[in-house]
Amino acid sequence: MIQRLLLSASLLLLGGCSAIGHWSQAAGGHLGITRAARPVADWLADPATPTDLAERLRLSQQLRDYATAQLALPDNNSYRRYADLHRPAAVWNVIAAPEFGFTLKTWCYPLMGCAGYQGWFNLDEAKKRAEALKAEGWEVQVQAIPAYSTLGWSRLLGGDPLLNTFIRYPDGELAAMIFHELAHQRVYVGDDTGFNEAYASAVELIGARQWLAARPEALAAFEAGRSRRAAFLKLAREGRLKLQAVYDGPAGQRAAAKAAVMAELRERAKTEAPGFEAWFQRANNANFAILAAYDELVPAFVRLFEREGRDWAKFHAAVEALKPLAREARRANLRVQGDPHDADPAPSPPQ
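As the structure is a computational prediction, the values presented were derived from the model and not from experiment. (Residues numbered from 1 in each chain as written. Predicted model: local features only at pLDDT ≥ 70, side-chain atom pairs only at ≥ 80, totals over all residues. Heavy atoms only, no water.)

Peer 1: Outline the overall build of the protein, supporting the account with residue identities and numerical values.
Peer 2: For the protein, the helix and strand inventory stands at 14 helices and eight strands. The burial tally for the protein puts 54% of its 351 residues in the buried class. Taking all contacts inside the protein whose residues are at least 6 apart in sequence as the whole, residues at least 24 apart take part in 76%. For the protein, the exposed surface amounts to about 14800 Å²; the carbon and sulfur share of it is 55%. (Helix = DSSP H or I, 4+ residues; strand = E, 2+ residues; numbered from the N terminus. Buried < 20%, exposed > 50% of the residue type's maximum accessible area, 1.4 Å probe, protein only. Contact = heavy atoms within 4.5 Å. Areas by Shrake-Rupley, 256 points an atom, 1.4 Å probe, with all protein chains shown as cover.)

Peer 1: Can you lay out the sheet that holds strand S6 (residues 118-120) for me, pointing to particular residues and giving the numbers?
Peer 2: Judged by pairing direction, the sheet is antiparallel, and its three strands sit side by side in the order S6-S3-S7 without closing on themselves. Edge positions in the sheet fall to S6 and strand S7 (139-145), since each has one partner strand and no second. On average, each strand axis in the sheet is inclined to that of its neighbour by 25°, with strand direction left out of account. Relative to S7, helix H11 (residues 285-295) is tilted by about 55°, and along the sheet it contacts strand S3 (91-97) and S7. (Pairing = 2+ DSSP bridges. Axes fitted to C-alpha atoms, helices over the stretch in contact; angles between N-to-C directions.)

Peer 1: Account for the confidence of the model for the protein, naming residues and giving values.
Peer 2: Per-residue confidence for the protein gives a mean pLDDT of 88; residues scoring 70 or more make up 87%. Per-residue pLDDT stays below 50 along residues 1-18; that stretch engages in 63 contacts with residues further than four places along the chain or on separate chains. (pLDDT = per-residue confidence, 0-100.)

Peer 1: Describe the pattern of salt bridges, and please don't skip the residues or the numbers.
Peer 2: Taken as a whole and assessed by the stated rule, the structure comprises 25 salt bridges. A salt bridge links Lys270 to Glu267; its shortest N-O distance comes to 3.2 Å. A residue pair is termed a helical-turn pair when its members lie 3 or 4 positions apart in one helix, as Lys270 and Glu267 do in helix H9 (residues 254-272) at three residues. Overall, Lys270 belongs to the partly exposed group, its relative accessible area being 48%. Residues Glu296 and Arg331 are paired through a salt bridge, measuring 4.0 Å at the closest nitrogen-oxygen approach. In this pair, Glu296 sits in the loop between H11 and helix H12 (298-307) while Arg331 sits in helix H14 (residues 327-336), placing the two residues 35 residues apart along the sequence. With relative accessibility at 6%, the residue Arg331 sits in the buried group. Within the structure, one salt-bridge network assembled from shared partners comprises Asp192, Glu296, Arg327, Glu328, Arg330, Arg331 and Arg335. (Salt bridge = Lys/Arg side-chain N within 4 Å of Asp/Glu carboxyl O.)

Peer 1: Residues and numbers for the side chain of Asn285, please.
Peer 2: With respect to the element layout, Asn285 can be found in helix H11. Each residue touching Asn285, except ones within four places of it in the same chain, is listed here: Ala97, Pro98, Glu99, Phe100, Gly101, Phe102, Glu139, Leu243, Tyr247 and Lys258.

Peer 1: Please provide a residue-by-residue account of the sheet that holds strand S1 (residues 38-39), values included.
Peer 2: Sheet strands pair via backbone hydrogen bonds, and the direction of the pair is either parallel or antiparallel. Read from one edge of the open sheet, three strands run S1-S2-S8, paired in mixed fashion. The open sheet terminates on both sides in strands that have one partner only, identified here as S1 and strand S8 (162-163). For strand S2 (residues 81-83) and S8, the ladder comprises two bridges, and the chain directions are parallel. Looking at S8, one finds that Tyr82 is bridged to Leu162.

Peer 1: Tell me about the nonpolar core, and please be specific about residues and values.
Peer 2: Ranked by internal contacts, the top residues of the largest apolar core, which has 63 residues, are Leu162, Phe179, Phe301 and Phe315. Sort the elements by how many residues they give to this core and helix H7 (residues 193-212) lands first, with 11 residues. Discounting chain neighbours no more than four positions away, the residues touching Phe315 are Tyr199, Val203, Phe301, Leu304, Phe305 and Glu308. In terms of nonpolar packing, the next biggest core, distinct from the first, is built from 29 residues, Ala115, Leu235, Phe280 and Ala293 among them. (Core = buried A, V, L, I, M, F, W, Y, C linked by side-chain atoms within 4.5 Å.)

Peer 1: Please set out the environment of Ala293 residue by residue, giving values where relevant.
Peer 2: In this fold, Ala293 is placed in helix H11. With 100 residues separating them along the chain, Ala293 and Thr193 place their C-alpha atoms 6.4 Å apart. When residues no more than four places from it in sequence are discounted, the contact partners of Ala293 are Thr193, Gly194, Glu197 and Ala198.

Peer 1: Describe unusual backbone geometry, and please don't skip the residues or the numbers.
Peer 2: Phi angles above zero are rare outside glycine, and Tyr79 is one such case at about 65°. Mapped onto the elements of the fold, Tyr79 is located in the loop between helix H4 (51-71) and S2. Classification of Tyr79 as buried rests on a relative accessible area of 2%. Non-glycine residue His86 carries a positive phi angle of around 60°.

Peer 1: Explain the pairing of S3 to me, using residue names and the numbers behind them.
Peer 2: By the criterion of burial, S3 is predominantly enclosed, with seven of the seven residues buried. The side-chain alternation of S3 yields two buried faces, one formed by Val91, Asn93, Ile95 and Ala97 and the other by Trp92, Val94 and Ala96. Where S3 meets S7, seven bridges bridge the pair, whose relative direction is antiparallel. For Ala96, the partnering residue across the bridge sits in S7 and is Val140. Both S3 and S6 contribute to a ladder of three bridges, which runs antiparallel. Each residue of the ladder has a partner; that of Asn93, found in S6, is Gly119.

As structure tokens, this is what we get:
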């Protein structure tokens, strides 16, 4: 039972494929994280635990309780344990898109369906996979991911743990991270990355603001950060639209026109998206494509939350009611329930 559960969990990471080699590293990588995790209570009782870490762990448990009591998110053992992985990321995602398009390469596997990213627990292996895809003509990026969700499948192994990769985030962003990952356990639709990520991003945004309402200084810091991200997302969306127009144009002019758009975005980022200049310097179609998955549908989910009277249980139920629909019907139905330009489009973008 535990071995089968572990295999299921490994297939539900933020990445996956049908190759046995990838399955093996996924299972081994997740097992390594599980073995490294200890109950938060043990860390707090250990005199060797640094004071600052103990403070963050106490805060994490307040957030975990709040997520269930106030946001109607799952009540289970996830984020009740902590692990120091001694590395800067939980997993590295490989993402790929065509030279002149934004359709993400997808990887499909049992239970989860298909996703537009492939997760690796070893950075060198992720880079090797990325190089192989580049050789096939794809535009590729390797992204460091601080956390992933096993969608609740890991509960018999202790649940998804808190990690050193995000435990020291500012208060608002730590709340957002925990709420986002728990949202994946609440509602998840196979084969619709954009729907899943936008829903979880909406939960993190609304939930963090709600929790921070009684903490003015922390809320101000959170809003300042989200304002900067909103400026980044605005410029990225404009860039994506300009690039799409290029890709829809004459084939012989695409390369030069694409280079001109990218040069323009890198220059504009210096003044319009300060703090995100590096993102535009290294960005390619893979970055723009995966960002759209997190960004495009968030306003509609925020509007749906408002439509449901800001009632979390009703909101989650309304989202779950969309699961049986076909992908395009699901998205159309969601958009009908809210004007996508009428709500705050500020999710946490991948870096």
